[in-house]
Amino acid sequence: MSDFVTDTHSLIWYLEDSPHLGPKANQAFDACDRGEIIIYIPTICFVEMVYLQEKGRIPSHLKMQFDQDVRSSNAFFQIIVTIINHGGKQGWIGSQQPSP
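Note that the coordinates shown come from a computational prediction; the quantities given were computed from them, not determined experimentally. (Residues numbered from 1 in each chain as written. Predicted model: local features only at pLDDT ≥ 70, side-chain atom pairs only at ≥ 80, totals over all residues. Heavy atoms only, no water.)

Draft legend 1. Representation of the packing of helix α1 (residues 8-16) against helix α3 (residues 43-54). Interaxial distance between α1 and α3 falls to 9 Å at its minimum, and their mutual angle equals 60 degrees. The angle between α1 and α3 places the two elements in the oblique class. Where α1 crosses over α3, the two elements pack in a sense that is right-handed. Only C45, E48, M49 and L52 of α3 make contact with α1, whose side of the interface consists of T8, L11, I12 and L15. The class makeup of the residues in the contact of α1 with α3 is 6 nonpolar, 1 polar and 1 charged. (Axes fitted to C-alpha atoms, helices over the stretch in contact; angles between N-to-C directions. Helix = DSSP H or I, 4+ residues; strand = E, 2+ residues; numbered from the N terminus. Parallel < 35°, antiparallel > 145°, perpendicular 65-115°, else oblique. Left-handed = near helix turned anticlockwise from the far one by under 90°. Contact = heavy atoms within 4.5 Å. Nonpolar A, V, L, I, M, F, W, Y, C, P; charged D, E, K, R; others polar.)

This is how it looks when you write it as structure tokens:
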């Protein structure tokens, strides 16, 4: 199975164990939990989760649960910090660049 990039909805639905998450996406998150693949999480997902939490659209425990999962030694999430563009040259802000 290949590595994946998630969006905010998929991440929230996975954390909520929601039936909205499709079976293939659920399989990918489960494979990530088992350490078989990496799921890349764009930083905008964090911003959107905080926004949705502040607006009362998602429970406050979801962000805390996600933070704990990322910090755990079993987390195979890779956080994509930011891609920047300087005069046509791309670079990464942060310590790790995802593999092509």
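Draft legend 2. Just the confidence of the model for the protein chain, in detail. Averaged over every residue, the pLDDT of the protein chain is 75; residues scoring 70 or more account for 68%. Element-level pLDDT for the protein chain is lowest in strand β5 (residues 89-93), with a mean of 42, against a maximum mean of 91 in α1. In the model, residues 82-100 has pLDDT below 50 throughout and makes 20 contacts with residues more than four positions away in sequence or in other chains. (pLDDT = per-residue confidence, 0-100.)

Draft legend 3. Representation of the packing of aromatic side chains in the model. Taken as a whole and judged by the stated rule, the model has 1 aromatic pair. Plain terms: the ring middles of Y14 and F29 are 4.4 Å apart, the flat faces sit at 10 degrees to each other, and that makes the pair stacked. Of this pair, Y14 sits in helix α1 while F29 is found in helix α2 (residues 23-33), placing the two residues 15 residues apart along the sequence. (Phe/Tyr/Trp six-rings, centres within 6.5 Å; stacked < 30°, edge-to-face > 60°.)

Draft legend 4. Broad picture of the packing of α1 against α2. Between α1 and α2, whose axes approach to 11 Å, the crossing angle comes to 70 degrees. On the basis of their axis angle, the class for α1 and α2 is roughly perpendicular. Between α1 and α2 lies a crossing whose hand is right-handed. Contacts from S10, L11 and Y14 in α1 reach N26, F29, D30 and D33 in α2. Of the residues contributing to the contact of α1 with α2, the split by class is 3 nonpolar, 2 polar and 2 charged.

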